[in-house]
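Geometric and topological summary
So the chains spell out like this:
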Amino acid sequence: MTLPNNRLVQEKKIRTSFIYLILCSITAVLLLNSCEAPPPKGISRNSWYICEELNLAFRFQTSKHGEYIGLNKALAKPKSFRLKHYRKASRFKFNDRKNLKGELIVKNDSLIFIMDDRPYVFIPEARIPLPKSPHRYENELFEEVSVTETIYGHARGFYSSKQIEKRENKSYGQVIFDVAEELGSNLLKSEIPLQMDIYQAIGDEEPNRPLIVLMHGGAFIAGDKRDELVSTLAMHYARRGFVVASVNYRLGYLFLPGRYANLERAIYSAIQDIRAALRYLSHHSNQYRIDPDYIYLGGNSAGGILSLSTAFMKESDVWPSADAGALGLSRDLGCLDCSTNDLYGPFTIQAVINMWGAVHSLDILDSCNIPILSIHGDKDFVVPYGHDYPFTDVSPKVSSFFSRKLHGSFSIHNYADTTDLNHTLYTFEGLKHEPHFDEEHQMIAKNYHIIHDQILHFINKQLIDKTIRPLGTDTIVPTDAPAIYKAEHPFYEQVSFDCNHCLIHKQSSNTAEIIWLDDKKDYTLYFAATGPHGQVYADSMSILVNNNLKNN
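Please read these numbers as outputs of a predicted model, since none were measured by experiment. (Residues numbered from 1 in each chain as written. Predicted model: local features only at pLDDT ≥ 70, side-chain atom pairs only at ≥ 80, totals over all residues. Heavy atoms only, no water.)

When you go through the protein residue by residue, the secondary structure sums to 9 helices and 26 strands. By residue count, 50% of the 552 residues in the protein fall in the buried class. Carbon and sulfur atoms make up 50% of the accessible area of the protein, which totals about 27200 Å². (Helix = DSSP H or I, 4+ residues; strand = E, 2+ residues; numbered from the N terminus. Buried < 20%, exposed > 50% of the residue type's maximum accessible area, 1.4 Å probe, protein only. Areas by Shrake-Rupley, 256 points an atom, 1.4 Å probe, with all protein chains shown as cover.)

Right, dumping it as structure tokens:
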């Protein structure tokens, strides 16, 4: 009877020992797990950390997992790592390289991994951000625009504004002739003030803005700086960040048979006024925050004639009629810059926008190489599309009494084909003078937007230099060293780079060393630069992978 009792006791001890062993094991596991701690605070997720000494870059996807790559190949396929962090120790477990064990510290934006009493610094990938869209000048950035009227000078003349409010189903030419008849009763000139409207976006803080100067039409007889086309364009361009000036100039001359001098003197006086307005704006460039070396001059009809003549006429091109007025009643008009004000203000005209205007002589276009955009209807009989008299829709015979033939946009374009003149022509096929208006003198939205967009594209083509092309391969071999891209341009101080599926290993103001990630067939490198006027040039280039040399 004793033996069975001893056996029971032994079995009981065995069971107790087994249970104790299980409890100890569980306790040990729990104790071990309780020693593991979360990583230090401040570690960024999805941001690469780079250590040159260890030839390693990694980024966290969770607090315990992430991916890593080496830094010595052009193409790297990220692999997974695991992180265990204890009170003062962290362990990175990698798939194909030696594990790291040491102390992980977050300092500022960097990670410091102390291993074998030696610190290894992991610096976060630092991308220089590309300028964000929408971009100045190309897109509308502002909603509200201020319009300031200012007097830029005084000069002897008949008047500087004559608005045409109603046409009463009359043609443009007939309206102008009706206005001209009113002038016949007044041969006296007086000192008159000359004004301009300056359009600026409210809230625009750019200190160095390009300037667009617009002139209205009206055959040098009528018109005003707030005529519908120029004022509408001015508002739209100001919202994009330009400063826009719409300028009044001296108007009026007598229609007398054979007295070509009357019209010439009116045009010349208007040229003097516009040049005075440009000097005024240059002289006050700090006040209006404009760059007087970046002026874009444009106008419609008479304003187109005026923009071309103001930009290209030299003193040697001035007509002899500037020295004697009609009937000998007017005094000498003086030099190009000898009227309206005595301000000093140098300026540079970068380009000319000629909306259905013309030149009296093609020879003046040889004086300087200023780009021209011409917009014109090919059925225009007020200002000829080719080479002809103006106002032939009213009477070719009458127009020949007071005007010589003019060279319109198509004539200028043909001339440009035989010279170095930089000329762009947009033709409204089948349309007459003022192609943005219908027969009821209502704005045709489609045609207005064509005019608006043609001008904007043309100006931005001159303003935004798009000749940047980064130096660097567009075909990568996966086993080659990381690709280096460099772009320098005298117009832009800094060129920035960006890319998807990549690590920008190193980047300066104009250089980027890039490791492409994953294993794709092609990638895209984006680059952009901001110019001295806040304009942005943005572009991209395709990067192909040459897998045929992958294992070489």
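M196, V213, F220, Y249, L281, F312 and L365 are the most contacted members of the largest nonpolar core, which totals 66 residues. Among all residues touching V213, those that are not within four sequence positions of it are A245, V247, L278, L281, I295, Y296, L297 and G298. Core analysis: the next-biggest nonpolar cluster, separate from the first, contains 54 residues, L75, A234, Y237 and W516 among them. (Core = buried A, V, L, I, M, F, W, Y, C linked by side-chain atoms within 4.5 Å. Contact = heavy atoms within 4.5 Å.)

Once that is clear, we can look at the state of the cysteines. Considering all chains together, one arrives at 2 disulfides under this definition. Here C335 engages in a disulfide with C338; their sulfurs sit 1.7 Å apart. Taking the sign of the S-S torsion, about 80° here, the bridge from C335 to C338 comes out right-handed. On the accessibility criterion, C338 (48% relative accessible area) is partly exposed. Bridging C499 to C502, the disulfide has an S-S length of 1.8 Å. On the sign convention where negative means left-handed, the S-S torsion of about 80° between C499 and C502 marks this disulfide as right-handed. Of the two residues examined, C499 and C502, each falls in the buried class. Taken in N- to C-terminal order, the disulfide-linked cysteines of the protein are connected 1-2, 3-4. (Disulfide = S-S within 2.5 Å.)

A contiguous patch of positive charge, built from R82, K84, R91, K93 and K101, is present on the exposed surface. Of all the secondary-structure elements, those providing two or more residues to the positive patch are strand 5 (79-85) and strand 6 (90-93). Within the secondary structure, K84 sits in strand 5. Exposure remark for K84: the relative accessible area of 37% places this residue in the partly exposed category. (Patch = residues over 30% accessible without salt bridge, like charges linked within 9 Å, V, L, I, M, F, W, Y side chains within 5 Å. Salt bridge = Lys/Arg side-chain N within 4 Å of Asp/Glu carboxyl O. Lys, Arg positive; Asp, Glu negative; His and termini not counted. Charge placed at Lys NZ, Arg CZ, Asp CG, Glu CD.)

With that out of the way, let us pick up the sheet that holds strand 9 (residues 118-124). In space, the 8 strands of this closed barrel follow the order 1-2-3-5-6-7-8-9, with antiparallel pairing throughout. Shown here is a sheet whose adjacent strand axes are inclined to one another by a mean of 35°, direction ignored. Two strands pair when backbone bridges link them, and strand 6 and strand 7 (residues 100-107) are joined in this way by 3 bridges, in the antiparallel orientation. Bridge assignment links F92 to a residue of strand 7, and that residue is L100. (Pairing = 2+ DSSP bridges. Axes fitted to C-alpha atoms, helices over the stretch in contact; angles between N-to-C directions.)

In this section: the packing of helix 3 (residues 228-239) against helix 9 (residues 445-463). Helix packing for two helices is described by the angle between their axes and how far apart those axes are. The geometry of helix 3 relative to helix 9 is characterised by a closest axis approach of 11 Å and an angle of 55° between their N-to-C directions. As the angle between them shows, helix 3 and helix 9 are arranged oblique. The two elements helix 3 and helix 9 cross, and the hand of that crossing is right-handed. Only Y448, I451, H452, I455 and L456 of helix 9 make contact with helix 3, whose side of the interface consists of L229, T232, L233, H236 and Y237. Partitioned by chemical class, the residues of the contact of helix 3 with helix 9 number 7 nonpolar, 3 polar and no charged. (Parallel < 35°, antiparallel > 145°, perpendicular 65-115°, else oblique. Left-handed = near helix turned anticlockwise from the far one by under 90°. Nonpolar A, V, L, I, M, F, W, Y, C, P; charged D, E, K, R; others polar.)

Turning to the pattern of salt bridges, a few remarks are in order. Tallying each qualifying case throughout the model produces 16 salt bridges. Ionic pairing is found between R250 and D273, a salt bridge with its closest N-O pair at 2.9 Å. Here R250 is found in the loop between strand 13 (243-247) and helix 4 (260-283), whereas its partner D273 is found in helix 4, with 23 residues between them in sequence. With respect to burial, R250 and D273 carry one shared label: buried. Ionic pairing is found between E264 and R404, a salt bridge with its closest N-O pair at 2.8 Å. Here R404 lies in the loop between helix 7 (396-402) and strand 18 (406-407) and E264 lies in helix 4, a separation of 140 residues in the sequence.

Taken together, the buried positions of helix 8 (residues 409-417) are occupied by S409, S411, I412, Y415 and A416. For helix 8, the arc enclosing every buried residue in end-on projection is 160°, short of the 170-degree limit, so these residues lie on one face. (Arc of directions from axis to C-beta.)

To continue, consider the sheet that holds strand 10 (residues 145-157). The strand order 10-11-13-12-14-15-16-19 describes an open sheet built from 8 strands, whose pairing is mixed. Each of the sheet's edge strands pairs with one partner strand only, and the pair in question is strand 10 and strand 19 (423-428). Taken pair by pair, the neighbouring strands of this sheet meet at an average axis angle of 20°, ignoring direction. When strand 16 (residues 372-377) meets strand 19, the two strands line up parallel, connected through 6 bridges. Bridge pairing in strand 19 links L373 to T424. Packing against the sheet, helix 4 makes contact with strand 10, strand 11 (190-201), strand 12 (209-215), strand 13, strand 14 (290-300) and strand 15 (349-355), and its axis sits at approximately 130° to strand 10.

Before going further, it helps to spend a moment on unusual backbone geometry. Each neighbour pair has its own omega, and for S133 with P134 the value is 5°, a cis peptide bond. One non-glycine residue with positive phi stands out, namely Y137, at about 75°. Relative to the elements of secondary structure, Y137 occurs in the loop between strand 9 and strand 10. The backbone of T340 sits at a positive phi, close to 80°, despite the residue not being glycine. Tracing the backbone shows T340 in the loop between helix 6 (302-312) and strand 15. The exposure class assigned to T340 is buried, which follows from its relative accessible area of 10%.

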